[in-house]
Structures are given as C-alpha cells and as structure tokens.
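# Structural description and commentary
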Amino acid sequence: MSKPLPTTVRTHLTALRMLLVMTVILGLAYPLLVTGIGQVAFADKADGSIVRADGKEVGSSLLGQTFDLPKRNPGDENEAARPDPKWFQPRPSAGGYDPKSSGASNLGPNSEDLAKAIEDRRAAVAAFDGVDPAKVPVDAVTASGSGLDPHISVAYAEEQAARVAGARNLPVETVEKLIDRYTEGRSLGFLGQPGVNVVLLNTALAQQK
C-alpha cells in the first residue's frame with residue numbers, strides 16, 4: 001500500500017490543477033469564444049470600426065484625427081499645424097489626437113492658462129470660419145476628456161459649412177445635407193446632445209464632386 005502524499009504536496013498539486021484548468025478556460029476558451037461572437041455578430045466594431053475610402057483605411061469612427069495642411073517644412077517639428085479649410089475641423093485635443101496620449105489638459109476652471117487658451121482658440125476659429133467670436137460654440141474651443149472624441153456639436157459643424165463649401169466650390173446646401181446625414185442623436189435617446197462624427201463627415205465629403 002502506497003504511502004499518502006504529505007498534505008502540503010497534495011495542496012500544491014490541487015492548486016496546480018486548478019491553475020491549469022482556469023488557464024484553459026479563462027485564458028484560451030473564453031477569449032476565443034468572445035472573439036468568435038464578436039467577429040460573427042459585430043465584425044466592424046470588433047475590428048476597431050475602421051473607416052475606408054476607395055479601398056483604403058483612413059481612420060476609425062471611434063477616434064478623432066486632425067485635418068491639417070501639409071507642413072511647409074516637413075522636417076521642422078516645431079512648425080505649428082495649419083488647419084485645412086477644405087475639411088471640417090475637430091474640437092481641440094490636449095494630446096493632438098494621439099491615441100498614446102489620451103487625456104485632458106488637467107487645467108481647472110480657474111486656470112489663467114486655460115482661459116487664455118480658450119480666448120486664443122475662439123479668435124482663431126472665428127477668423128478661420130469668418131464668424132463673430134461670440135457665436136463660436138463651446139466645443140470649438142474646449143477639448144474632450146479623452147482628447148480623442150471624433151464628434152463635434154451640430155452648431156460647430158453648421159458654423160463650418162460655408163467655409164468648407166467655398167473651399168471646395170460646392171453649394172452650401174450640399175454640405176448642409178451631409179451634416180444632417182451624419183448627425184447622430186443622443187446616446188440611448190436621452191444622454192448628451194446630438195453630435196456630428198467629423199471622421200465620417202469628412203470621408204463622405206471627399207466623395208463629393
């Protein structure tokens with residue numbers, strides 16, 4: 001008759017078997033199951049909600065991006081970005097829409113630096129869009145909490161319509177119809193405000209002749 005293993009050894013063997021079983025279930029089976037369900041039922045969302053134009057990947061509908069003119073001096077890292085008048089512009093981003101730098105500026109409402117930044121942005125947006133500074137929407141001068149929000153308010157999109165139409169030699173009515181088409185309602189029907197996805201709007205705008 002074999003001698004029973006010491007209690008300590010039996011305990012460690014039980015723990016090892018549990019570790020192996022849970023590794024297979026939670027480390028292999030569960031991720032494969034969830035991935036499979038995602039690919040079958042929500043393939044677009046599971047793959048990152050990629051936006052394509054002419055067969056090329058141009059962005060994600062979940063992440064904002066900049067729409068700037070090419071640099072005059074490509075090698076100059078300190079050259080300020082210049083927004084391209086042919087595109088709808090997103091709201092400001094503390095991290096320059098870099099997914100690796102997601103976050104806000106962390107400046108509070110009493111910050112003089114924040115107040116100055118807002119006034120500077122207001123003046124720049126008003127001059128760029130040719131409107132009264134007092135009519136510039138709040139989201140045009142303030143960044144989102146993540147710094148990656150692809151949405152702007154309907155008011156900010158409508159403010160830019162005339163400038164975009166003029167730069168592209170398109171009727172303003174055509175641009176306004178695109179804004180209406182890409183205006184998304186409140187989340188769950190009651191959270192937040194309607195917004196316009198700039199990435200989707202500009203992708204559709206690029207298809208206009």
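Up top you'll find the structure we're talking about.
Below or above, wherever it landed, is the structure these notes cover. (Residues numbered from 1 in each chain as written. Predicted model: local features only at pLDDT ≥ 70, side-chain atom pairs only at ≥ 80, totals over all residues. Heavy atoms only, no water.)

Right, let's get into the layout of surface pockets. There is about 500 Å³ of room inside the largest pocket. Taken together, 19 residues line the largest pocket, and the ones lying closest to its centre are Asp-68, Pro-83, Gln-89, Pro-90 and Pro-92. Among the elements that make up the lining of the largest pocket, the one with the highest residue count is helix 3 (residues 112-129) (five residues). Here the lining of the largest pocket is built from residues that sort into ten nonpolar, four polar and five charged. The space that makes up the second largest pocket amounts to roughly 200 Å³. (1 Å grid on protein atoms, 1.4 Å probe; cavity = no way out; pocket = protein on both sides within 12 Å on 5 of 7 lines; lining within 4 Å. Points joined across faces, edges and corners; volume = space filled by probe spheres on them. Helix = DSSP H or I, 4+ residues; strand = E, 2+ residues; numbered from the N terminus. Nonpolar A, V, L, I, M, F, W, Y, C, P; charged D, E, K, R; others polar.)

Bringing the sheet that holds strand 4 (residues 183-184) into the picture now. Pairing is antiparallel across the open sheet formed by three strands, whose spatial order is 3-5-4. Single-partner strands in this sheet number two, and they are strand 3 (151-153) and strand 4. Summarising the sheet, strand 3 and strand 5 (residues 195-197) pair through three bridges and their orientation is antiparallel. Residue pairing in the sheet places His-151 in a bridge with Asn-197 of strand 5. In this fold helix 4 (residues 154-168) packs onto strand 3, strand 4 and strand 5, with an angle of close to 80° to the strand it touches most, strand 3. (Pairing = 2+ DSSP bridges. Contact = heavy atoms within 4.5 Å. Axes fitted to C-alpha atoms, helices over the stretch in contact; angles between N-to-C directions.)

Remark: the centre distance and the inter-plane angle together describe each pair of aromatic rings, the angle taken between the planes. As enumerated under the stated definition, the model contains one aromatic pair in all. Judged by centre distance (5.9 Å) and plane angle (35°), the ring pair of Phe-67 and Trp-87 falls under tilted. You can see Phe-67 sitting in the loop between strand 2 (56-60) and helix 3 and its partner Trp-87 sitting in the loop between strand 2 and helix 3, a full 20 residues away along the chain. The class for Phe-67 is buried, based on a relative accessible area of 12%. Lying across the ring of Trp-87, Arg-168 places its NZ or CZ 4.3 Å from the centre. (Phe/Tyr/Trp six-rings, centres within 6.5 Å; stacked < 30°, edge-to-face > 60°. Buried < 20%, exposed > 50% of the residue type's maximum accessible area, 1.4 Å probe, protein only. Lys NZ or Arg CZ within 6 Å of the ring centre and 35° of its normal.)

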